[in-house]
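Below are the chains, spelled out letter by letter.
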Amino acid sequence: MHVDSARTIRIPHIEGEQPLLPWPLAAIGGGLLAALAGALVVAGITFIGWVSVIAIPVADMLTFAGRGWLLVNGGRLAVGVGEVSLLPLTLTFAMVALVAWISAFAYRQARLALAAEPEPVRRLGLIAGTAAQVCLGYSLFTVAVAWGVGGLPDGWTGVATAAGISLFAGLVGAVLADGFFLAGRWPSWLRAGLRGAGAGALGLVAVAAGVLLIAVVQGSARIQALEGGIGFDTGGLVVWGTLLVAYLPNLLGWALAWVTGGGFSVGSQTLVSLSTTQLGMLPAIPAFGALPAVGLADPWLMAWLGAGVAVGLIAGLVAARASGGPVLAIAASGCAGVFTAVIYIAWLGLSGGGLGVLRMAELGPRMLDSALIGMPLLALSALLGGAVVAVVQRLTGRSTTQG
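Residues numbered from 1 in each chain as written. Predicted model: local features only at pLDDT ≥ 70, side-chain atom pairs only at ≥ 80, totals over all residues. Heavy atoms only, no water.

### Examining the overall build of the protein chain
Line of reasoning, step 1. Along the protein chain, the regular secondary structure elements total 13 helices and 7 strands.
Line of reasoning, step 2. Taking the principal axes of the C-alpha coordinates as reference, the protein chain spans close to 75 × 60 × 35 Å.
Line of reasoning, step 3. Scored against the burial criterion, the 403 residues of the protein chain give a buried share of 42%.
Line of reasoning, step 4. Pairs at least 24 apart in sequence give 76% of the contacts found in the protein chain among residues at least 6 apart.
Line of reasoning, step 5. About 19,900 Å² of surface is accessible on the protein chain, with carbon and sulfur atoms providing 73% of the total.
Line of reasoning, step 6. Looking at charge distribution, the protein chain has the averaged site of its 17 positive side-chain charges lying 13 Å from that of its 14 negative ones. (Helix = DSSP H or I, 4+ residues; strand = E, 2+ residues; numbered from the N terminus. Buried < 20%, exposed > 50% of the residue type's maximum accessible area, 1.4 Å probe, protein only. Contact = heavy atoms within 4.5 Å. Areas by Shrake-Rupley, 256 points an atom, 1.4 Å probe, with all protein chains shown as cover. Lys, Arg positive; Asp, Glu negative; His and termini not counted. Charge placed at Lys NZ, Arg CZ, Asp CG, Glu CD.)

What follows is the structure, encoded as structure tokens:
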């Protein structure tokens, strides 16, 4: 039975089929090309903005683009006397997906070069080797960019985080391409918990998107006034729209922190939460027009906490229904709740950063408050959903037995 399972999930090896590229070339070269593609995207965005202020020297534009690429990888972008540390999560997530895809391709090349099906230990070596080589190519390009823009030694933060991002994505891609270590090898309650966590993650996205949409609609007049005050030309509108897309996951993370009770900051000594809004002087960024009015909020806004409860319940219900039996339903829902809470706090942690070195150095979710309120809210709600399913299953089993 074990052998049959391995056969169904192994990579098919067609007789006479050969790899398209040698393993090191596919992995190291693929990592380098992934980094190059990301840097070109950042350079293209920068070039569109540069066209509007073409008096700026080309060398300065290229330096800014290089530092922007380091920002995508967790570095810092110097702007005047300040620096930006707020990750454009859309671009960062896109790079993770691209590197994972390339790693999966490189792993398949390594497998096709083997004459026979490797043992599990050998597979682990291929997975680790693929991820390490992809990380090497990606990191070499990032080091070159950091050196080229004069970012070393200060740019080592971006280089180190780029290595971490590419190594993580490389491992994910290789493991998914292998498949042997994923299918049928984990307890049923754990697999059900992961399924519930997937449903919970989708619920988090839906809730955050709904809250952000409502905020934009309510603040549309202020947003338009701020955009009119800046006076974007065509190039500026393109760059501004691109930046909104790049930072959309960050804004969704802020909305999620608000709706789950932790709140977020827009600069030092500020707070935007369900109970109150405290703001000071803000830069003329149109997105800030969606912020609520300063002062104590309507007590009825606390009802938004029900959205977090609903997400947890959905995660728990999906996990419990995918398990088998009341006891497993509780275990699966608890697992789903923990995983959903981890996804929640990781998302919030990544969506924060800074837009300067002084007052605007602190932007994003209030992590301690979110951890103390949002994580238990999601985990306990998921467990409650599992308990409901367990009770229903037990009562249904009793009635069937009595009948």
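### Some thoughts on the packing of helix H2 (residues 23-52) against helix H3 (residues 58-72)
Line of reasoning, step 1. Remark: H2 packs on H3, axes separated minimally by 9 Å, with the N-to-C direction vectors making an angle of 130°. In terms of their interaxial angle, H2 and H3 are classed as oblique. In this structure, H2 meets H3 at a crossing whose hand is right-handed. On H3, the residues touching Ala 35, Gly 38, Ala 39, Val 42, Ala 43, Thr 46, Phe 47 and Trp 50 of H2 are Val 58, Met 61, Phe 64, Ala 65, Gly 68, Trp 69 and Val 72. (Axes fitted to C-alpha atoms, helices over the stretch in contact; angles between N-to-C directions. Parallel < 35°, antiparallel > 145°, perpendicular 65-115°, else oblique. Left-handed = near helix turned anticlockwise from the far one by under 90°.)

### Structural notes on the packing of aromatic side chains
Here a ring pair, both rings aromatic, is described through the centre-centre distance and the interplanar angle of the planes.
Line of reasoning, step 1. Within the structure shown, the criterion is met by 6 aromatic pairs.
Line of reasoning, step 2. Aromatic side chains Trp 101 and Phe 105 sit 6.4 Å apart centroid to centroid with 15° between the ring planes, which places their arrangement in the stacked category. Here the residue Trp 101 and the residue Phe 105 both occupy positions in helix H4 (residues 89-112), the gap between them amounting to 4 residues, near one helical turn.
Line of reasoning, step 3. Trp 101 gets classed as exposed once you look at its relative accessible area, which sits at 55%.
Line of reasoning, step 4. An aromatic cluster of three or more residues is present, and its members are Trp 69, Tyr 138 and Phe 141. (Phe/Tyr/Trp six-rings, centres within 6.5 Å; stacked < 30°, edge-to-face > 60°.)

### A short note on unusual backbone geometry
Line of reasoning, step 1. At Gln 269, a position not held by glycine, the phi torsion is positive, near 60°.
Line of reasoning, step 2. Note that Gln 269 resides in the loop between strand S3 (264-266) and strand S4 (271-272).

### A word on the confidence of the model for the protein chain
The predicted structure's coordinates, where accompanied by low pLDDT, should not be read in detail.
Line of reasoning, step 1. Here the protein chain averages 87 in pLDDT, and 91% of its residues register 70 or above.
Line of reasoning, step 2. Element-level mean pLDDT values for the protein chain span from 41 in helix H1 (residues 2-9) up to 96 in helix H10 (residues 248-259).
Line of reasoning, step 3. Across residues 1-10 the pLDDT falls below 50, and counting only partners more than four positions away or on other chains, this stretch makes 10 contacts in the model.
Line of reasoning, step 4. Below pLDDT 50 for its whole length, residues 398-403 participates in 0 contacts with residues either more than four positions away or in separate chains. (pLDDT = per-residue confidence, 0-100.)

### Considering a nonpolar patch on the surface
Line of reasoning, step 1. A cluster of nonpolar side chains, contributed by Leu 32, Leu 33, Leu 36 and Leu 40, occupies part of the molecular surface with about 350 Å² of accessible area.
Line of reasoning, step 2. By secondary structure assignment, the location of Leu 32 is in helix H2.
Line of reasoning, step 3. With relative accessibility at 36%, the residue Leu 32 sits in the partly exposed group. (Patch = residues over 30% accessible without salt bridge, like charges linked within 9 Å, V, L, I, M, F, W, Y side chains within 5 Å. Salt bridge = Lys/Arg side-chain N within 4 Å of Asp/Glu carboxyl O.)

### Topic: the environment of Arg 185
Line of reasoning, step 1. Note on placement: Arg 185 falls in the loop between helix H6 (156-178) and helix H7 (188-218).
Line of reasoning, step 2. Each C-alpha atom of the pair Arg 185 and Leu 328 lies 17 Å from the other, and the pair is 143 residues apart in sequence.

### A short note on the pattern of salt bridges
Line of reasoning, step 1. All chains considered together, the criterion is met by 4 salt bridges.
Line of reasoning, step 2. Note that Asp 178 and Arg 111 form a salt bridge whose closest N and O atoms lie 3.3 Å from each other. Highlighted residues: Asp 178 in helix H6 and Arg 111 in helix H4, separated in sequence by 67 residues. Note on accessibility: Asp 178 and Arg 111 belong to one class, buried.

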